[in-house]
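Examination of the molecular architecture
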Amino acid sequence: MDIKKIAQYVIVVFVLYTIITSPARAADLVQVGFEGISDAAQGVGDFMTELVN
């Protein structure tokens, strides 16, 4: 069996276990992730705006 497939299965099982055992914590982690992505996108937008001006 391929090591990459085994690693993917382990990650999926871990994520599912985390969601099932602690849904509130999993939701917090997802929210933090999306806030980070949003902040990064806003930073890129601000940089591009300043670059154009």
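Look above for the structure.
Quick summary incoming for the structure in this document. Quick caveat, the model's predicted, so the values are computed rather than measured.

1. Description of the overall build of the protein chain
Of regular secondary structure, the protein chain possesses two helices and zero strands. Against the 2.2 N^0.38 benchmark of 10 Å for 53 residues, the protein chain shows a C-alpha radius of gyration of 18 Å, more extended than a compact globule. If one aligns the C-alpha atoms of the protein chain with their principal axes, the spans along those axes are about 55 × 30 × 5 Å. A buried classification covers 4% of the 53 residues belonging to the protein chain. For the protein chain, the accessible surface area stands at approximately 4,800 Å², while carbon and sulfur atoms represent 70% of it.

2. Description of the side chain of Thr18
By secondary structure assignment, the location of Thr18 is in helix α1 (residues 3–21). Not counting chain neighbours up to four residues away, the residues in contact with Thr18 comprise Pro23 and Ala26.

3. Some points on the environment of Thr21
Mapped onto the elements, Thr21 comes out in helix α1. In the structure, Thr21 is positioned eleven residues away from Val10 in sequence and 16 Å away in space, judged by C-alpha atoms. Side-chain polar atoms of Thr21 contact the backbone oxygen of Tyr17, separated by 2.8 Å.

4. A word on a nonpolar patch on the surface
Taken together, the side chains of Ile11, Phe14, Val15 and Ile19 present a nonpolar region at the surface, about 390 Å² in accessible area. With respect to the element layout, Phe14 can be found in helix α1.

5. Examining the environment of Ile6
For Ile6, the position within the fold is in helix α1. Considered as a pair, Ile6 and Asn53 are 47 residues apart in the sequence and their alpha carbons are 50 Å apart.

6. As for the environment of Ala27
Checked against the element boundaries, Ala27 lands in helix α2 (residues 23–52). Taking the relative accessible area as the measure of exposure, Ala27 reaches 44% and is therefore partly exposed.

Cut-offs applied
- Residues numbered from 1 in each chain as written.
- Predicted model: local features only at pLDDT ≥ 70, side-chain atom pairs only at ≥ 80, totals over all residues.
- Heavy atoms only, no water.
- Helix = DSSP H or I, 4+ residues; strand = E, 2+ residues; numbered from the N terminus.
- Rg over C-alpha atoms; globule rule 2.2 N^0.38 Å.
- Buried < 20%, exposed > 50% of the residue type's maximum accessible area, 1.4 Å probe, protein only.
- Areas by Shrake-Rupley, 256 points an atom, 1.4 Å probe, with all protein chains shown as cover.
- Contact = heavy atoms within 4.5 Å.
- Polar contact = N/O pair within 3.5 Å; in protein donor to acceptor, adjacent residues only side chain to side chain.
- Patch = residues over 30% accessible without salt bridge, like charges linked within 9 Å, V, L, I, M, F, W, Y side chains within 5 Å.
- Salt bridge = Lys/Arg side-chain N within 4 Å of Asp/Glu carboxyl O.

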